[in-house]
Amino acid sequence: MTYRMYIDGEFVESNNRQTRDVDNPAKGEVLAQVPEATTADVERAIAAARREFDEGKWPNMPAAKRGRILLQIAQAIRTHAKELARLETLNMGKPLSESEGDIADAADCFEYYGGLANKITGEVNPISGRALDFTLKEPVGVCGQIIPWNFPLMMAAWKIAPALAAGCTLILKPAEQTPLTALRFAEILDGISDLPKGVVNIVTGDGPTAGATLVKSHDVDKIAFTGSTEVGKWILKTSAETNLKKVTLELGGKSPNVFFADSDFEMAIAGALFGIFYNQGEVCSAGSRILVEKSIHKKLVDAMAERARQIRLGDGMEAGTKMGPLVNAEHRARVEGFIRIGKESGAKLVCGGNRPGGELARGYFIAPTIFDHVDFNSRLAQEEVFGPVVAVIPFENESEAIKLANHSQYGLAAGVWTKDFTKAMHLVKKIRAGIVWVNHYHPAPMEGPWGGYKQSGIGRELGKYGIENYLQAKQVYINLNSKPVQW
Ligand code: NAI
Ligand code: MG
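Residues numbered from 1 in each chain as written. Chains lettered and ligands numbered in written order. Predicted model: local features only at pLDDT ≥ 70, side-chain atom pairs only at ≥ 80, totals over all residues. Heavy atoms only, no water.

**Some words on the packing of helix H13 (residues 398-406) against helix H14 (residues 421-430)**
Defined as follows: Convention adopted: a line fitted to C-alpha atoms gives each axis, helices being fitted over their contacting stretch, and angles between N-to-C directions are expressed from 0 to 180 degrees. Numbered from the N terminus, helices here are DSSP runs of H or I no shorter than four residues, and strands are runs of E no shorter than two. For classification purposes, angles smaller than 35 degrees are called roughly parallel, those larger than 145 roughly antiparallel, those between 65 and 115 roughly perpendicular, and all remaining angles oblique. For a crossing to be left-handed, the near helix must be turned anticlockwise from the far one by less than a right angle; the clockwise case is right-handed. Here, two residues are considered to be in contact whenever any of their heavy atoms come within 4.5 Å of each other. Note on residue classes: Ala, Val, Leu, Ile, Met, Phe, Trp, Tyr, Cys and Pro are nonpolar, Asp, Glu, Lys and Arg are charged, and everything else, Gly too, is polar.
Interaxial distance between H13 and H14 falls to 10 Å at its minimum, and their mutual angle equals 30 degrees. The angle between the axes of H13 and H14 places the two elements in the roughly parallel class. For the element pair H13 and H14, the recorded crossing hand is right-handed. Residue-level contacts link Glu398, Ile402 and Asn406 of H13 to Lys423, His426, Leu427 and Lys430 of H14. When grouped by side-chain class, the residues that make up the contact of H13 with H14 number two nonpolar, two polar and three charged.

Next comes the structure, spelled out in structure tokens:
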């Protein structure tokens, strides 16, 4: 299969005809070719989005009409849901049932922001004297949106839907590894005749060329990025050095999943495993540090290991697969590097740590891996692995649990497991993270804000907060005096 990118309403190759092979990570085989955008290609997409923002209909269209178009997009995703889910799994590796969930979330996201489009209001400011003062909310402009490979179409929806609802135009760059659902989505968008050409552009290419062109451009007003902390910092710095773009960042994490002795034990085991092994652990909010009260430490680790060994690894397209392969060979090597670091640190490898053999040897699989007695200061406890590797750290009491939970440069998410309501609420207040789950892990409802404290990011996506990223406030002051100003 050969795909094309979507620039100014046209499906195009890159201007030098260069392409990139995209893999099926379960088989280690090439799945498709996509264009490798050059700087000139990205600049053409930026020019289209700039033109549509400055002179086009989209920002000035009645918000209710923009909202209705977003609802059409939601519906179109649902119509193509099966096909998109299959394509997601083929390209990214995750189990098909999880891709189906992601595609449904993508549709829900367009529906949420479709509904919100005409509910954005400014305010009247209570000033004194003969004057009227109010605040308009206006779209921020042309947005460059750079997304990772772990939830490809869902991440695209989280970025595109609020930007469109706000009246922005955009250029989306999917990750090199997983561009296929975004490109198929472009074809679906192209079928929505009310969406003007050039409002949404989708370019495929690498970070240092295609991504960086968006970041350095003086015609891009805002960058929304999800990915590594390292690249996020570079984006912030480079935006400051060019045209001081507005920047929102959703970065890494090393999220604590905290288990007290008074938690429901069955729920605890399931929550610990789901927290780290869902989506192969390739989740920014993965519960990758398990903090467990000493009195249940051994029991929990034993139970987790027993079940982790039974997790069915396989091709995501096969029914019954619980965990797919990692996204590519390079990422698997990175994860294996952390397994080596864990072993060398003296932590106890309880299960996994290896590549499964047999017919899975072709794909980029890693067995679910649990390290126990991990030193809370060690690299395995502090750095993001982004794979199916968890670090277990026992604690003595509530205050130690809080201290360990916060002992991280990151602050994306946290889980707290206990039946004691006041203890749970105390931890909710004390843990410095953007999302805290109590007796659950991972839900990311459209209606609430998603984002990180500390080095996990800047800004919030989803919910009403998510659209603020794409708006700016304009104050309007109206003099109601007819006398000349006195000075
Ligand atoms: P990355 O941050 O390099 O890539 C994410 C996106 O940024 C991709 O679309 C990539 O093309 C783009 N990008 C890379 N360099 C860029 C640049 N100079 N300018 C503009 N765009 C650029 O992440 P990568 O290499 O895929 O993964 C490395 C690690 O980052 C992972 O192991 C994981 O720890 C973390 N990560 C975190 C994610 C999250 O959801 N918070 C998602 C992906 C990765
Ligand atoms: Mg990278």
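After that view of the structure, there is still more to cover.
**Digging into the pattern of salt bridges**
As a reminder, the rule being used: By definition, a salt bridge exists where a carboxyl oxygen of Asp or Glu is found within 4 Å of a side-chain nitrogen of Lys or Arg.
Scanning the entire structure with this criterion turns up 25 salt bridges. Across the pair Glu336 and Arg355 runs a salt bridge, and its minimum N-O distance is 2.7 Å. Of this pair, Glu336 sits in helix H11 (residues 329-344) while Arg355 is found in the loop between strand E14 (348-351) and strand E15 (369-372), placing the two residues 19 residues apart along the sequence. When salt bridges that share partners are traced, they join Arg4, Glu13 and Arg17 into one network.

**Some points on the pairing of strand E13 (residues 289-293)**
The criterion, for reference: A simple rule labels every residue: compare its accessible area, found with a 1.4 Å probe on the protein chains alone, to the largest value its type can have, and call it buried under 20%, exposed over 50%, or partly exposed in between. Here, strands pair whenever DSSP counts at least two bridges between them. Handedness of a crossover is defined as follows: orient the strands so they point away from the viewer, and if the path from the first strand over the helix to the second runs clockwise, the crossover is right-handed.
Counting buried residues along E13, five of its five residues qualify, which places the element largely inside the surrounding structure. Because side chains alternate across E13, one face comprises the buried residues Arg289, Leu291 and Glu293, and the other comprises Ile290 and Val292, equally buried. Where strand E12 (residues 256-259) lies against E13, four bridges are found, and the strand directions are parallel. Residue Phe259 lies in a different strand from E13, and its bridge partner there is Val292. Of the crossover connections in this fold, the one passing from E12 over helix H9 (residues 265-277) to the parallel E13 is right-handed.

**Focus: the nonpolar core**
Put simply, the test is: Remark: nonpolar core denotes a set of buried residues (Ala, Val, Leu, Ile, Met, Phe, Trp, Tyr, Cys) joined through side-chain atoms within 4.5 Å. Per the annotation, domain bounds derive from an automatic or database assignment of domains.
The biggest cluster of nonpolar side chains holds 130 residues, and the ones touching the most others in it are Phe110, Tyr113 and Ile370. No fewer than three residues from each of domain 1 (5-251 + 456-475) and domain 2 (256-438) sit in this core. Once residues within four sequence positions are removed from consideration, Phe110 is found in contact with Leu70, Ile73, Ala74, Ile77, Ala157, Ile160, Ala161 and Phe185. With 28 residues, the next largest nonpolar core counts Val335, Ala347, Ile402 and Ala433 among its residues.

**Focus: the domain arrangement of the protein chain**
Rules: When two parts are put together, the accessible area they lose, computed with a 1.4 Å probe and summed over both, is reported as buried area. Any N or O atom pair separated by 3.5 Å or less is treated as a polar contact, with the protein-specific requirement of one donor-capable and one acceptor-capable atom, and with residues adjacent in sequence counted only for side-chain atom pairs.
Assigned domains of the protein chain: these are domain 1 (5-251 + 456-475) and domain 2 (256-438). Taken over C-alpha atoms, the centre of domain 1 sits 31 Å from the centre of domain 2. Taken together, the contacts link 25 residues of domain 1 with 27 residues of domain 2. Across the interface of domain 1 and domain 2, roughly 2,200 Å² is buried in total on both sides, 56% from carbon and sulfur atoms. Run the count over domain 1 and domain 2 and you get two salt bridges. The salt bridge partner of Arg362 is Glu29, with a shortest N-O separation of 3.5 Å. Remark: the boundary between domain 1 and domain 2 carries nine residue pairs in polar contact (both at pLDDT 80 or more).

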